[in-house]
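Next come the chains, spelled out residue by residue.
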Amino acid sequence: MNLWILIGIVIIVAGFSLKLDVLAVVLTAGIATGIAAKMNFFEILGIIGKAFVDNRLMSIFLISLPVIAVLERYGLRERSAALIEKLKNATAGRILGLYMVIRSIASALSIRIGGHIQFIRPLIYPMSEAAAKAHKNKDLTEKQTEELKSLSAAIENYGNFFSQNIFVGASGLLLIQTTLKENGYAVSLKQLALSSIPIGIIAIIFTFIQVYIYDKKIILSKGGKK
């Protein structure tokens, strides 16, 4: 066995550990693996090109980047934060909990809203941060800010991951059904979708608990309101 063909894994691990450019690391790993497998250089380029063409739709999300950049340039983050500051009794936890419900319902209906770039960074996080500052009645500490960033990003993942299989036509359900069928278990997509509903509800409940704890930590921190 030619162990040199595993050189690509080593390059990826080393490149990511050194925080090098992701695209350059992946391309270098692919080319190195092809050379180790004694492939022709043009054959390697052909495989890379074919993979790009076959998965070109994956790059459509890049179109949203300049749109979000323009919106932020003209004050989207500031306006969303200002809106929340005017609302009474708004807290970071309540905003994130509400977003979790909206995101979960959208995922269950296969409505494509949300996303870290499209919603969390320009809208949900600034709104949550403004609410947290108003709730605490002073600026957040660096630790609290980082916790809020991670919590905002996590809730986007919760809403998408735990509720998407409630939609009967979800690709994840097809994968689960195929895997179960190969192991001798015949189940319908409807059965799988219905079984995913309790998981989605449980995810929402645990999210409410998590954001409630965050709000409590804000209130109990030095300078918080009683």
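Every chain is numbered on its own, with residues counted from 1 as its sequence reads. Whole-chain, interface and lining totals are the exception, using all residues; otherwise, since this is a predicted model, local features are given only for residues with pLDDT of at least 70 and side-chain atom pairs are given and counted only at 80 or more. Where side-chain values are given, they derive from all heavy atoms of the structure, hydrogens and water being excluded.

### Some words on the overall build of the protein chain
Only runs of H or I of at least four residues qualify as helices and only runs of E of at least two qualify as strands under DSSP, and these elements are numbered from the N terminus. When helices and strands are tallied, the protein chain shows 10 helices and 0 strands. Walking the protein chain from its N terminus toward its C terminus, one meets helices and strands in the order α-α-α-α-α-α-α-α-α-α. By definition in these notes, contact holds between two residues if any of their heavy atoms fall within 4.5 Å. For the protein chain, long-range pairs separated by at least 24 residues make up 67% of all intrachain contacts whose partners lie at least 6 apart in sequence. Carbon and sulfur atoms provide 69% of the accessible area of the protein chain, an area that totals close to 15,000 Å². Accessible surface area values rest on a Shrake-Rupley calculation with a 1.4 Å probe, where residue burial reflects the displayed protein chains alone.

### Looking at the environment of Ser107
Residue position: Ser107 is located in helix α6 (residues 92-108). For the pair Ser107 and Phe161, spaced 54 residues apart in sequence, the C-alpha to C-alpha distance is 8.3 Å. Setting aside residues no more than four positions away along its own chain, Ser107 makes contact with Gly159, Asn160, Ser163, Gln164 and Phe167. Two N or O atoms count as a polar contact when they lie within 3.5 Å, although within protein this holds only if one can serve as hydrogen donor and the other as acceptor, and sequence-adjacent residues are included solely when both atoms are side-chain atoms. Among the polar contacts listed, one links the side chain of Ser107 to the side chain of Arg103, at a separation of 2.9 Å. Among the polar contacts listed, one links the side chain of Ser107 to the backbone oxygen of Gly159, at a separation of 3.2 Å.

### Some thoughts on the packing of aromatic side chains
Aromatic pairs are defined between Phe, Tyr and Trp rings, using the six-membered ring for Trp, whenever the two ring centres lie within 6.5 Å; interplanar angles under 30 degrees are classed as stacked, those over 60 as edge-to-face, and all others as tilted. Counting across every chain of the model gives 3 aromatic pairs. When the centroid spacing of 6.2 Å and the interplanar angle of 75 degrees are considered together, the rings of Phe41 and Phe42 count as edge-to-face. Look at Phe161 and Phe162: their rings are 5.1 Å apart centre to centre, the planes differ by 85 degrees, and that puts the pair in the edge-to-face class. Using a 1.4 Å probe on the protein chains alone, a residue whose accessible area is under 20% of its type maximum counts as buried, one over 50% counts as exposed, and one in between counts as partly exposed. The exposure class of Phe162 is partly exposed, given its relative accessible area of 32%.

### Comments concerning a nonpolar patch on the surface
Side chains of Phe161, Phe162, Leu194, Ile197, Ile199, Ile201, Ile202, Ile205, Phe206, Ile209, Tyr212 and Ile213 sit close together on the surface and give an oily, nonpolar patch of about 1,200 Å² of accessible area. For the nonpolar patch, the leading source of residues is helix α10 (residues 189-220), giving 10 residues. Patches in this entry comprise residues that are over 30% relatively accessible and not in a salt bridge; like charges within 9 Å are linked, as are nonpolar side chains (Val, Leu, Ile, Met, Phe, Trp, Tyr) within 5 Å. Here a salt bridge means any side-chain nitrogen of Lys or Arg lying within 4 Å of a carboxyl oxygen belonging to Asp or Glu.

### A closer look at the UniProt feature "transmembrane region" (unreviewed entry) in the protein chain
In this numbering, the UniProt entry assigns the feature "transmembrane region" (unreviewed entry) to residues 6-36, 57-76 and 192-214. A helix fraction of 84% and a strand fraction of 0% characterise residues 6-36, whose end C-alpha atoms lie 8 Å from each other. Within the segment residues 192-214, helix and strand shares are 100% and 0% respectively, and the terminal C-alpha atoms sit 33 Å apart. UniProt positions are given in the numbering used here, feature names are shortened, and annotations may be inferred rather than shown by experiment.

### Section: the nonpolar core
In this structure, Leu96, Leu140, Leu148, Leu151, Ile155 and Tyr214 are the most contacted members of the largest nonpolar core, which totals 17 residues. Listed by contribution, the elements that provide at least two residues to this core are α6, α7 (116-136), α8 (142-161) and α10. A per-element tally of this core places α10 first, with 5 residues. What makes a nonpolar core is a set of buried Ala, Val, Leu, Ile, Met, Phe, Trp, Tyr and Cys residues whose side-chain atoms join them at distances within 4.5 Å.

### Here's the deal with unusual backbone geometry
Residues other than glycine seldom take positive phi values, yet Lys38 does so here, at roughly 65 degrees. Of note, Lys38 is situated in the loop between α2 (22-36) and α3 (41-54).

### Topic: helix α9 (residues 171-182)
One less than the number of residues in a helix, times 1.5 Å, gives the span that helix is expected to have. Look at α9: 17 Å from first C-alpha to last across 12 residues, which is about the 16 Å you get at 1.5 Å a residue. The positive-phi residue at the C-terminal boundary of α9 is Gly184, with phi of around 90 degrees.

### Digging into the side chain of Thr207
Mapped onto the fold, Thr207 is located in helix α10. Residue class for Thr207 comes out buried when judged on its relative accessible area of 1%. Not counting the four nearest positions on each side in its chain, Thr207 is found in contact with Met100, Ile155 and Tyr158.

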